[in-house]
Structure formats: C-alpha cells, structure tokens
Amino acid sequence: MPRLEVRIDMTRREMREYLFCLVFQNEFYPAGEFAEQRDNFLQEKELKEKERQEILDKLEALIRKLPEIDEKISAHSRGWKIDRIAKAELALLRLAIYEALYDDSVPVGVAVNEAVELAKQYGEDNGSAFVNGILGKIVNE
C-alpha cells in the first residue's frame, strides 16, 4: 500500500531560516538576478502557496527597510563599517532588527534569541556574541 505523505506547515523557525538565507543571498546579486535566485530557492523548498507568499511579503518589507536597518547597525557597531561585517552576521542582524522593530508578530526577545542561535549555526566563531551585542544596543535604545 502506498504511503501517503502529509506536509506539515512550516514552523516559524524554518521561515526565519529561509528568510535569513534570502537576505544573505540578496547581498550577492543585482536585483534582477536576485529575483530569479529567490524564486529558485523557494521552489526547492516545496512550500505551500500561503507560506511562500508570507516569506515573500516579509522579505519585501525587510528590503524596503534596509536603509533604516543599516543605519541602525552602523550607529551601533563602532569600528565596524557595514561592508566589514561578515555577511552571515549582517544578514542575521538585518533580519532580527526587522523582526524586532517592524514586525509586530515577533516578540523582541524571540527575534534576538533566534538571531543569536542562527549565528551559532551559520556565523563565524564569535559571530553570536557580536550579533547579540549589536542587537542588545539597538533594541534597548
């Protein structure tokens, strides 16, 4: 008898990780090429249309806020210009700041904690401490 596979809804952590990957990729492609890369990435994930659209909506909103977000990062990362910050940590900072300050569905503490956990997984050796330090300054101002 064939086995019926049922796709469980994507978790918030999975969505955050997918958003992190897309924010990271955005740094390496011009806008037109990024759209193709984004679509390929999302297609590989076999998401439900509702999940795909939610990711796209959040990604678009985050990208619109990038100038403000980067200004906050620059103001709180003394001695570190945006282009000197490791790309994984920068993507995590951008995502966490967006979630903490502009996405009412994500509690600030959750945004910070999840960014630190992802930095442990994807960042450099001291990346999680760097991310935690910058986010602590920004969310407590």
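About the thresholds
- Residues numbered from 1 in each chain as written.
- Predicted model: local features only at pLDDT ≥ 70, side-chain atom pairs only at ≥ 80, totals over all residues.
- Heavy atoms only, no water.
- Axes fitted to C-alpha atoms, helices over the stretch in contact; angles between N-to-C directions.
- Helix = DSSP H or I, 4+ residues; strand = E, 2+ residues; numbered from the N terminus.
- Parallel < 35°, antiparallel > 145°, perpendicular 65-115°, else oblique.
- Contact = heavy atoms within 4.5 Å.
- Nonpolar A, V, L, I, M, F, W, Y, C, P; charged D, E, K, R; others polar.
- Phe/Tyr/Trp six-rings, centres within 6.5 Å; stacked < 30°, edge-to-face > 60°.
- Buried < 20%, exposed > 50% of the residue type's maximum accessible area, 1.4 Å probe, protein only.
- Lys NZ or Arg CZ within 6 Å of the ring centre and 35° of its normal.
- Expected span 1.5 Å × (residues − 1).
- Core = buried A, V, L, I, M, F, W, Y, C linked by side-chain atoms within 4.5 Å.
- Polar contact = N/O pair within 3.5 Å; in protein donor to acceptor, adjacent residues only side chain to side chain.

Chemist: Would you mind going over the packing of helix α3 (residues 49-76) against helix α4 (residues 87-102) in detail, with residue names and values included?
Modeler: Packing of α3 against α4 leaves a shortest axis separation of 9 Å and a crossing angle of 100 degrees. In this view, α3 runs roughly perpendicular relative to α4, as classed from their interaxial angle. Here Lys 58, Ala 61, Leu 62, Lys 65, Leu 66, Glu 68, Ile 69, Asp 70, Lys 72 and Ile 73 of α3 lie close against α4, whose contacting residues are Leu 90, Leu 93, Arg 94, Leu 95, Ile 97, Tyr 98, Leu 101 and Tyr 102. Its residues assigned to classes, the contact of α3 with α4 shows twelve nonpolar, no polar and six charged.

Chemist: Can you explain the packing of aromatic side chains? Please cite residues and give values.
Modeler: Applying the stated criterion across every chain yields a total of six aromatic pairs. With a centroid separation of 6.2 Å and 45 degrees between ring planes, the pair formed by Phe 20 and Phe 24 is classed as tilted. Residue Phe 20 and its partner Phe 24 are located together in helix α1 (residues 12-26), separated by four residues, close to a single helical turn. According to the relative accessible area criterion, Phe 24 is partly exposed, its value standing at 29%. An aromatic cluster is built from Phe 20, Phe 24, Phe 28 and Tyr 122, whose rings are joined through pairwise contacts. Arg 84 extends its terminal NZ or CZ atom over the ring of Trp 80, reaching a point 4.6 Å from the ring centre.

Chemist: Describe α4, and please don't skip the residues or the numbers.
Modeler: Helical geometry: 3.6 residues make up each α-helical turn, so side chains three or four residues apart lie on a common side. When the terminal C-alpha atoms of α4 are compared, their 22 Å separation across 16 residues agrees well with the 22 Å that a helix rising 1.5 Å per residue should span. Buried residues dominate α4, accounting for 13 of its 16 residues.

Chemist: Which residues make up the nonpolar core, and what values go with them?
Modeler: Among the nonpolar cores identified, the biggest contains 40 residues, and Ile 55, Ile 73 and Leu 135 are the most heavily contacted of them. Elements that contribute at least two residues to this core include exactly α1, α2 (31-44), α3, α4, α5 (108-122) and α6 (127-139). When residues in this core are grouped by element, the largest group, nine residues, is from α4. Ignoring sequence-local partners within four residues, the contact set of Leu 135 consists of Leu 93, Ala 96, Ile 97, Val 112 and Ala 115.

Chemist: Can you lay out the side chain of Asp 103 for me, pointing to particular residues and giving the numbers?
Modeler: Inspection of the secondary structure assignment puts Asp 103 in the loop between α4 and α5. On the accessibility criterion, Asp 103 (10% relative accessible area) is buried. Only 2.3 Å separates the side chain of Asp 103 from the side chain of Lys 58, close enough to count as a polar contact. Excluding residues within four positions of it along the chain, Asp 103 makes contact with Lys 58 and Tyr 98.

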